[in-house]
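Okay, here's what each chain looks like letter by letter:
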Amino acid sequence: MKLFFSKIAKDSVRRPEKGTLRAHFRHSTPFLSPEKLEETTKKKKKMRGKPVPGKAILVLCMVSFLVGLLFTTRTWTRSSDNSFNKERHLQFIPLTKNRKPVQGDDHSEDIMGEVTKTHQAIQTLDKTVSTLEMELAMARTGQTGHQVSEEPPLNLPKAFVVIGINTAFSSKKRRDSLRETWMPRGAKLERLEKEKGAIIRFVIGHSTTPGGLLDKAIDTEEAENKDFLRLNHVEGYHELSTKTRLYFSTAVSMWDADFYVKIDDDVHLNLGMLMSTLARHRSKPRIYIGCMKSGPVLSQKGVKYYEPEFWKFGEEGNKYFRHATGQIYAISKDLAAYISTNAPMLHRYANEDVSLGSWFIGLEVDHVDDRTMCCGTPPDCEWKRQVGKVCVASFDWSCSGICKSVERMKDVHNNCGEGEGAVWNLDL
């Protein structure tokens, strides 16, 4: 670099050529003598001093950049803090009527007052809506005959299991076939309730004309056998979901039992095996026991088990969620109480076993798939009995019950029954 500046100095004191000098005179400064020009060049050298190294220039640039960045960041941070504090101040202004007004804050106080009034109006509206929903639920419950009370009933009779046998007005012969086989009657029925805590009742509603011939026939049968549970419900095949829901709600309001069972009147049952099976699950608060299945969702009108709400289960050809087959199933007290409490809000599908399964979707429920509750009729249940695996219940899948149950119930009982003494020797 020193050589570079020296070369520049030497070039500056060179005598210019004649042509060049004349041109210089015409277009630049007045003429200077060589002595004065050399003296001027020396003065310029002294004014320049020593050259600045390149590294120093680079360091100076970096320092200048960092100082500028620091200044800019601090300025932006202060601005953000100020805006945040303003927002926080506005956000936490208390919505109270007793807030002291600030000078020039009359407009803000008016706004806060309006906000407070709006908030109170919303709260009042929420309470009104809740009250109306409650009254609507009560009205619906009254129509179904389900009684809702703010406090649970006290001093209910204790029981181990309540068994509800679903029946119809036209099924008297079926009921008699059960009374002659696996269902105790008269004094034995009362003894079963007192000693073993097992309540057995035929479950039925009333006809479309209450007090008519059909209802009077049930009254006569009840007076003779005292084994009916009457529901405030209009009988009908397409109302089975409503009837099932009402059965559990009514049974919970009458007996404080550990389990509640629903069974059809064309199914054979071994009472001792049922009670011993339930006893093994006594420690589980929310349990749902039966033969779990997942049948197809039928979307064609006119077929048996047609599901009008098939579209809710996805694409055509889909299957239902897992649920117990409708011939027989058992639920624990907590689940029966859940049905009773939420009865007006529980949706009913066309098939009652699907409805029951849907009520437990989303709940913490133990689903127990017990295949002894869906044995076939002889020879299936007979072979199992011979090897010591007595079935809880037997029926024919093809008939959704025992085919021609009135004629065949005795035969099934003789070949697949556990024996009369089984239930009396049972130690729960």
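Computed from a predicted model, the values in this text were never measured in an experiment.

Participant: Honestly, the sheet that holds strand β3 (residues 228–234) in this entry has me stumped. Any pointers?
Facilitator: Working definition: the strands of a sheet are paired by backbone hydrogen bonds and lie parallel or antiparallel to each other. Pairing is mixed in the open sheet, where 7 strands are placed in the order β3-β2-β1-β4-β7-β6-β8. One side of each edge strand has no neighbouring strand; the edge strands of this open sheet are β3 and β8 (366–369). Averaged over all neighbouring strand pairs, the angle between strand axes comes to 25°, with direction disregarded. As paired elements, strand β6 (residues 287–293) and β8 share 4 bridges and run parallel to each other. Across the sheet, residue I289 finds its bridge partner in β8, namely V368. Together, β1 (158–166), β2 (198–206) and β3 form the strand contacts of helix α6 (residues 172–179), whose direction differs from that of β2 by roughly 175°. Together, β4 (256–264), β6 and β7 (323–332) form the strand contacts of helix α12 (residues 352–359), whose direction differs from that of β7 by roughly 35°.

Participant: Just to check I follow, could you spell out the environment of E309 for this structure?
Facilitator: Here E309 shows up in the loop between β6 and β7. According to the relative accessible area criterion, E309 is buried, its value standing at 18%. Once the C-alpha coordinates of E309 and V297 are considered, the two residues, 12 residues apart in sequence, prove to be 9.2 Å apart. With near-sequence residues (within four places) excluded, E309 lies in contact with H347, R348 and Y349. Within the local environment of E309, its side chain forms a polar contact with the side chain of K312, the two groups lying 2.6 Å apart.

Participant: Can you help me understand the pattern of salt bridges in this one?
Facilitator: Should their charged atoms come close, side chains of opposite charge can pair. Summed over all chains, the structure comprises 23 salt bridges. Salt-bridge contacts for R179 lead to D227; the nearest nitrogen and oxygen are separated by 2.7 Å. Taken as a pair, R179 in helix α6 and D227 in the loop between α8 (213–225) and β3 lie far apart in primary sequence, 48 residues in all. As far as burial versus exposure is concerned, R179 and D227 are alike and both buried. Note that D219 is salt-bridged to R230, the shortest N-O span being 2.8 Å. A residue pair is termed long-range when its members are at least 10 positions apart, and D219 in helix α8 and R230 in strand β3 qualify at 11 residues. The class for D219 is partly exposed, based on a relative accessible area of 39%. R230 sits in the partly exposed class, given a relative accessible area of 32%. Connected through shared salt-bridge partners, K172, R175, D176, R179, E221 and D227 make up one network.

Participant: Just checking my understanding: could you explain the state of the cysteines for this structure?
Facilitator: Summed over the entire model, instances satisfying the criterion amount to 4 disulfides. The partner cysteine of C291 in its disulfide is C374, sulfur to sulfur 2.0 Å. Where C291 bonds to C374 through sulfur, the torsion about that S-S bond is close to -95°, and the disulfide is left-handed. You can see C291 sitting in strand β6 and its partner C374 sitting in the loop between β8 and α13 (380–386), a full 83 residues away along the chain. For C291, a relative accessible area of 1% gives the class buried. Owing to a relative accessible area of 8%, C374 belongs among the buried residues under this scheme. Here the disulfide map of the protein reads 1-2, 3-5, 4-8, 6-7, the bonded cysteines being numbered as they appear in the sequence.

Definitions and limits used
- Residues numbered from 1 in each chain as written.
- Predicted model: local features only at pLDDT ≥ 70, side-chain atom pairs only at ≥ 80, totals over all residues.
- Heavy atoms only, no water.
- Pairing = 2+ DSSP bridges.
- Helix = DSSP H or I, 4+ residues; strand = E, 2+ residues; numbered from the N terminus.
- Axes fitted to C-alpha atoms, helices over the stretch in contact; angles between N-to-C directions.
- Contact = heavy atoms within 4.5 Å.
- Buried < 20%, exposed > 50% of the residue type's maximum accessible area, 1.4 Å probe, protein only.
- Polar contact = N/O pair within 3.5 Å; in protein donor to acceptor, adjacent residues only side chain to side chain.
- Salt bridge = Lys/Arg side-chain N within 4 Å of Asp/Glu carboxyl O.
- Disulfide = S-S within 2.5 Å.

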